[in-house]
Amino acid sequence: MREIVDEHLDAVAGESRPVDLVRTWAQPVPAQVICELLGVPYANRARFQGHALDLFRLDRTPEQAAAAYSAVHEFVRDLVAAKRVAPADDLLSGLTASDLTDEELVNIGFVLLGAGLDTTANMLALGAFTLLTHPGAADVLRAEPGWAIEELLRYHSVIPFTVRAALADVELDGERIAAGECVTVCLPEANRDPARFPDPDVLDLLRPSAGHVAFGHGVHQCLGQQLARVELQVALPALVTRFPSLRLAVPAADVTMRAGSLVRGVDELLVTWED
Ligand code: HEM
């Protein structure tokens, strides 16, 4: 992961300033990590990244959304077929040795590729934005990356909600939920619950944020959360260490949260620095 991060920081250093950190660093780093893990051949990675980033966009017609879904599915189906013929040292190849069917393998690959990219990319971008707009935050991150990352996850909560279905009639906070009904759980709201996190709107990188629900909760909580944590703990400190004078190239107020996607984040983060 360090090698992947350093390689992209080299590419950032070589660009003419201002540089968009989303395009040059926040998106390609998790894309490459997930591709290495699953065993996506190097030549196909750009195609995969384009399709996968399209998956969660909301600013499209249902037909365009279905086309994005099909494109990633087809991509993974080809990948599974290739691993069956020529297994290598990667997760999908390892799974082909199990008794999973092709359909199951394609679905597993699809979920892993889809779930691990836009989420981590947006946490990297929002994490960088936060470090650049909170004086002293970069020093705390370098000293206590574990604590700082948990607080960034709590504070930003990039997945807005998760859904659960009641298996039996249940009463929750005075509200009756009948068996079979669905409940939408608002994760950012839970992560800003003052009963759990005092002054919840304040970013405090040293606060004990354990127990936040940015990765969901229970048996279906995020399968990739440890991978995501390591990515954030490697990539964010590396960024601020490599470019100590890194700063936004535009006023912070001009960095707007993107509207057309399920995953919260920013589409562009223009930065500059002194040599
Ligand atoms: C900062 C990055 C990430 C965030 C904020 C995030 C967040 C989430 C959330 C909120 C859920 C729903 C959990 C629930 O319903 O309780 C989820 C599920 C999931 N995530 Fe992540 N995720 C991240 C990165 C990843 C990565 C890197 C991977 C895989 C490589 C991944 C794979 C999955 C999978 C497979 C599920 C479905 C789990 C299940 O339904 O049993 N995620 N994630």
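The preceding data block contains the structure.
Because the structure is a prediction, the values reported are computed rather than measured.

**What about the site of the ligand?**
- With respect to spatial proximity, 24 residues lie near the ligand, and among them T162, R164, H217, H220 and C222 are the closest.
- One nitrogen or oxygen atom from the side chain of T162 is found 2.5 Å from an oxygen atom belonging to the ligand.
- A distance of 3.1 Å separates an oxygen atom of the ligand from a polar atom in the backbone of H217.
- Counting residues per element, the ones that place at least two in the shell around the ligand are α7 (102–133), β2 (161–165) and α11 (225–242).
- A breakdown of the residues in the shell around the ligand according to their chemical character gives 14 nonpolar, nine polar and one charged.

**A look at the packing of helix α1 (residues 2–14) against α11**
- It is the contact of α1 with α11, at a shortest axis distance of 10 Å, that shows an interaxial angle of 35°. When you trace α1 past α11, the crossing you get is right-handed. Contact with α1, carried on its side by R2, V5, D6, L9, D10 and A13, involves V234, A235, A238, L239 and R242 of α11 and no other residues of that element.
- Taken together, the residues of the contact of α1 with α11 sort by class into seven nonpolar, no polar and four charged.

**A short note on the side chain of S261**
- Within the element layout of this structure, S261 appears in the loop between β6 (247–248) and β7 (270–272).
- Relative accessible area serves as the criterion here: at 10%, S261 is assigned to the buried category.
- In terms of polar contacts, S261 uses its side chain to reach the side chain of R258, at 2.9 Å.
- Polar side-chain contacts of S261 include one of 3.2 Å to the backbone nitrogen of V263.

**Some details on the environment of A235**
- Among the secondary structure elements, A235 is positioned in helix α11.
- A residue is classified by how much of its surface remains accessible, and A235, at 0% relative accessible area, is buried.
- Setting aside residues up to four positions removed in sequence, A235 forms contacts with V5, W25 and L124.

**Points about unusual backbone geometry**
- For the peptide bond that leads from R17 to P18, omega is 0°, which places it in the cis range.
- Assignment of secondary structure puts P18 in the loop between α1 and β1 (19–20).
- Even without glycine at this site, D173 takes up a positive phi of about 55°.
- When you line up the elements, D173 lands in the loop between β3 (170–172) and β4 (175–177).
- Overall, D173 belongs to the exposed group, its relative accessible area being 86%.
- Positive phi, close to 45°, is recorded for D199, a residue that is not glycine.
- Relative to the elements of secondary structure, D199 occurs in the loop between α10 (187–191) and α11.

How each quantity is defined
Residues numbered from 1 in each chain as written. Predicted model: local features only at pLDDT ≥ 70, side-chain atom pairs only at ≥ 80, totals over all residues. Heavy atoms only, no water. Near = heavy atom within 4 Å. Polar contact = N/O pair within 3.5 Å; in protein donor to acceptor, adjacent residues only side chain to side chain. Helix = DSSP H or I, 4+ residues; strand = E, 2+ residues; numbered from the N terminus. Nonpolar A, V, L, I, M, F, W, Y, C, P; charged D, E, K, R; others polar. Axes fitted to C-alpha atoms, helices over the stretch in contact; angles between N-to-C directions. Left-handed = near helix turned anticlockwise from the far one by under 90°. Contact = heavy atoms within 4.5 Å. Buried < 20%, exposed > 50% of the residue type's maximum accessible area, 1.4 Å probe, protein only.

These figures capture arrangement, not role.
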